[in-house]
Amino acid sequence: MAYPSVPPPGMALAAYPYPVPLPPGWGALIVSANRGPYLVPAPSTCKLKIDGREVSGMAEGTFHIAVPAGEHEVKYTDLFGIPVMSTRVVVQPGAGHQLSFRFGGWRNRVHDGLGTDVTKFGMWSNYSIALISFGVVGLICCGGLVLVPMLTGGGGS
């Protein structure tokens, strides 16, 4: 039986669109990621990392990743390495553990195979951050336009 090559520490893990044979003492993470409500799919601009190691070959859809049994930190990061959402999972030897990373309109969340929210950290989505930013900028700009005449004595009487 051919096993996926075990990468040395610090090297990238590999994601496969099909189940992979597991070496003894290893388990599998079955990770899915949706496109999100974005023009550019979120999985194509973010990086999946397991215990700080980047997973190569990950994209939109469902992928299988062989990992050593035990506890792992699984997270998606943006282009700058800032976590977008993360969770911790315990992988049993010879078993698969499902995780669904859902890039949403308001919040980014992680769910397990039963649909339970297992998000340890979930950043607000790009849309909600943009909406809040536009509101703050609008308040500062419009508030500034109202305050300038009042401060210069040009207010109406």
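For the structure, check the block above.
Residues numbered from 1 in each chain as written. Predicted model: local features only at pLDDT ≥ 70, side-chain atom pairs only at ≥ 80, totals over all residues. Heavy atoms only, no water.

### Here's the deal with the nonpolar core
Right, on to step 1. The biggest cluster of nonpolar side chains holds 25 residues, and the ones touching the most others in it are Leu29, Leu48, Met58, Ile65, Tyr76, Phe101 and Phe103.
Right, on to step 2. At the level of elements, β2 (26-33), β3 (47-50), β5 (61-68), β6 (70-77), β7 (83-91) and β8 (96-102) are the ones that each hand at least two residues to this core.
Right, on to step 3. No other element matches the 4 residues that β7 contributes to this core.
Right, on to step 4. Each residue touching Tyr76, except ones within four places of it in the same chain, is listed here: Ala33, Pro43, Cys46, Lys47, Leu48, Met58, Ile82, Pro83, Val84, Met85, Phe101 and Phe103. (Core = buried A, V, L, I, M, F, W, Y, C linked by side-chain atoms within 4.5 Å. Buried < 20%, exposed > 50% of the residue type's maximum accessible area, 1.4 Å probe, protein only. Helix = DSSP H or I, 4+ residues; strand = E, 2+ residues; numbered from the N terminus. Contact = heavy atoms within 4.5 Å.)

### What to know about the sheet that holds β7
Right, on to step 1. Sheet architecture is open: 6 strands sit in the order β1-β4-β3-β6-β7-β10, paired in mixed fashion. On the outer flanks of this sheet lie β1 (13-14) and β10 (121-122), each paired with one strand and no other. (Pairing = 2+ DSSP bridges.)

### Quick notes on a nonpolar patch on the surface
Right, on to step 1. On the surface, Trp106, Trp124, Ile129 and Leu131 cluster together into a nonpolar patch covering about 450 Å² of accessible area.
Right, on to step 2. Mapped onto the elements of the fold, Trp106 is located in the loop between β8 and β9 (109-112).
Right, on to step 3. Judged by relative accessible area, which is 53%, Trp106 ranks as exposed. (Patch = residues over 30% accessible without salt bridge, like charges linked within 9 Å, V, L, I, M, F, W, Y side chains within 5 Å. Areas by Shrake-Rupley, 256 points an atom, 1.4 Å probe, with all protein chains shown as cover. Salt bridge = Lys/Arg side-chain N within 4 Å of Asp/Glu carboxyl O.)

### Some remarks on the side chain of Thr77
Right, on to step 1. For Thr77, the position within the fold is in strand β6.
Right, on to step 2. In this structure, Thr77 is in contact with Cys46, Lys47, Lys49, Ile82, Pro83 and Val84, ignoring residues within four places of it in sequence.

### Observations regarding the sheet that holds β5
Either a parallel or an antiparallel arrangement is found when strands of a sheet pair, and the pairing is made through backbone hydrogen bonds.
Right, on to step 1. The mixed open sheet is built from 4 strands, whose spatial order is β5-β2-β8-β9. Two strands close off the open sheet at either side, each with one partner strand: β5 and β9. Across the sheet, the axes of successive neighbouring strands diverge by a mean angle of 25 degrees, strand direction being ignored.
Right, on to step 2. Of the strand pairs in this sheet, β8 and β9 are connected by 4 bridges, and their pairing is antiparallel. If you follow Phe101 over to β9, its bridge partner there is Val110. (Axes fitted to C-alpha atoms, helices over the stretch in contact; angles between N-to-C directions.)

### Observations regarding the pattern of salt bridges
Right, on to step 1. One pass over the structure, following the stated rule, counts 2 salt bridges.
Right, on to step 2. Two residues, Arg88 and Glu71, come together in a salt bridge whose shortest N-O distance is 2.9 Å. Placement of Arg88 in strand β7 and of Glu71 in strand β6 is noted, with a sequence separation of 17 residues between them.
Right, on to step 3. Using a relative accessible area of 43% as the deciding quantity, one classes Arg88 as partly exposed.

### Some details on unusual backbone geometry
Right, on to step 1. Phi at Asp51 is positive, roughly 55 degrees, even though this residue is not glycine.
Right, on to step 2. Position of Asp51 among the secondary structure elements: in the loop between β3 and β4 (53-56).

### What to know about the pairing of β8
Right, on to step 1. Taken together, the 6 bridges between β2 and β8 define a ladder with parallel strand orientation. Note that in β8 the partner of Ala28 across the bridge is Gly96.

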